[in-house]
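Observations on chain architecture
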Amino acid sequence: MIILVATLINVILYIPYYFYQCLLSALATVSVGDIYTVQNDDDIILEKQQQMKAMKQKWFYMPPVLKELTSSFLFPTEIIAILKLKFGGYVKTSKNSLDQLAHTLNDLDFCYATLNKVSRSFALVIQQLPQPLKDSVCIFYLVLRGLDSVEDDMTYPQDKKIFLLHTFYSNLLIDNWSIKDVGDTEDYRILLDNFGKVINVFKLLDKNDQSIISNITLQMGTGMAEYVGKIDSIETLTSYNLYCHYVAGLVGHGLSALFVNSGLEDTDLCVHKHLSNSMGLFLQKTNIIRDYLEDLKAGRTWWPKEIWQNYAAYLDEFAKTPNCEKSLECLNHMVLDSFNHVPDVINYLSRLKHRKVLEFCAIPQVMAMATLVELYNNPSVFTSVVKIRKGLTCKLMLNCSTLNEVLHWIYFFITKIEQKIPKQPSVNAHRMQEVVDQVKNLCDVNSKI
């Protein structure tokens, strides 16, 4: 019945679009006589091939929203979630380029337009926060994304990069400060080129929030600078955890401080810094595992040698032998290391009082768990970028409003991991089962009936 309903929904959505494309094709068809004005026979054949290719692209092209719906073909509730987020007015993204928006929007609107352009998932959860916390978190995010983009720009000279990472926080006090042609993507280059707009909004924030953002930016920039130029793999787990602390754990510290300063959360949230650190590390480690191939091609290797040297002589061997038992064992070891942070994640989330703060914190964590389910024991990690379905992402965004809902998802995904644990006995498999049992128990204990 579910499959039948899903089929009907997809057919109803696709057929009108298909006929619409047919109509456009009929109106735009090039006449045969025009083709044969070409003198050379080879040119005629090439022209025909190009026309056929263009016709196929026009007739069978699927816009992103239809691709997302198709990937959730067997999951009707995901289709509903996609449509709800797409047309429910949750996040409004302008069709204009960020460069155009920089010249037409006021400072605050530009900040939110940038947020919507560079991270739609975070844009949604940030914009559901109450004021004035929402503006503080938005600026915090943009400041750290700008800093992170400096680190990720592999074309920027190392000496200048190290200096900018160390001094980035101080630029928040300089009116209209900006820097051109720096950043790892076009949108981030535009952000940094118009960073004066971010600074203007930053200076309107609560003074304590300004201090929190500036202090975290200082610590993060200093930590990032320590790893500039280290193209070889991080050697030890200690170094790996420290790097993740600098780029993500500190974000958890800063967010906790912003929550407390807003008055929405209790002061003890800042006391247990290891919990907020784990919140960041869990997300960062998930990204590092997922981005194995992309980072390898870019000359960045964040997988710790202390782990992968147990399975290969060189890190790129996994890409050459993705289905090898050793490759999958290493991958599962990395996932296991990430899952060790889940108990702290549950502990942190269970301390949150405000519903919107809980949503903001929980959604990325649950999405990371869903991603790790896809990554675990999956050789495709070494040959492509593995992601969760867009429909599942949308469904999670709409169904993490209470601690019970969040714990339900955590329990659901940890059970999925349990089902994927290799049957062949190994140290990693045994340790993963222990983590699974611990997480399940914590979900049961913290559930509110």
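Residues numbered from 1 in each chain as written. Predicted model: local features only at pLDDT ≥ 70, side-chain atom pairs only at ≥ 80, totals over all residues. Heavy atoms only, no water.

A word on the packing of aromatic side chains. This structure, assessed with the given rule, holds 18 aromatic pairs. When the centroid spacing of 6.0 Å and the interplanar angle of 85 degrees are considered together, the rings of F259 and F360 count as edge-to-face. Here the residue F259 occupies a position in helix α14 (residues 237-262), and F360 occupies one in helix α21 (residues 355-375), the gap between them amounting to 101 residues. Note on accessibility: F259 and F360 belong to one class, buried. Here F282 and F339 contribute two aromatic rings whose centre-to-centre distance is 6.1 Å and whose plane-to-plane angle is 65 degrees, an arrangement assigned as edge-to-face. Placement of F282 in helix α15 (residues 273-290) and of F339 in helix α19 (residues 325-339) is noted, with a sequence separation of 57 residues between them. Accessibility assignment for this pair places F282 and F339 in one class, buried. (Phe/Tyr/Trp six-rings, centres within 6.5 Å; stacked < 30°, edge-to-face > 60°. Helix = DSSP H or I, 4+ residues; strand = E, 2+ residues; numbered from the N terminus. Buried < 20%, exposed > 50% of the residue type's maximum accessible area, 1.4 Å probe, protein only.)

Packing of helix α23 (residues 403-420) against helix α24 (residues 427-446) leaves a shortest axis separation of 10 Å and a crossing angle of 160 degrees. In terms of orientation, α23 and α24 fall into the roughly antiparallel class. The two elements α23 and α24 meet at a crossing, and its hand is left-handed. Between α23 and α24, the contacting residues are L403, L407, I410, Y411, I414, T415, I417 and E418 on the first element and M432, Q433, V436, D437, V439, K440, C443, D444 and N446 on the second. For the contact of α23 with α24, the residue count by class is 10 nonpolar, 3 polar and 4 charged. (Axes fitted to C-alpha atoms, helices over the stretch in contact; angles between N-to-C directions. Parallel < 35°, antiparallel > 145°, perpendicular 65-115°, else oblique. Left-handed = near helix turned anticlockwise from the far one by under 90°. Contact = heavy atoms within 4.5 Å. Nonpolar A, V, L, I, M, F, W, Y, C, P; charged D, E, K, R; others polar.)

What follows is about the nonpolar core. Core analysis: the largest hydrophobic core is formed by 130 residues, its most contacted members being F195, W303, F339, L349 and I410. Two domains each provide a minimum of three residues to this core, namely domain 1 (90-229) and domain 2 (233-448). When near neighbours in sequence (up to four residues on either side) are disregarded, F195 contacts L142, V143, F168, L172, W177 and S178. Ranked by size, the runner-up nonpolar core spans 6 residues in total, among them L101, F110, A113 and I190. (Core = buried A, V, L, I, M, F, W, Y, C linked by side-chain atoms within 4.5 Å. Domains from an automatic or database assignment.)

Between its first and last C-alpha, helix α9 (residues 133-152) extends 28 Å over 20 residues, near the 28 Å set by a 1.5 Å rise per residue. The buried count for α9 comes to 18 of 20 residues, which makes it a mostly enclosed element. (Expected span 1.5 Å × (residues − 1).)

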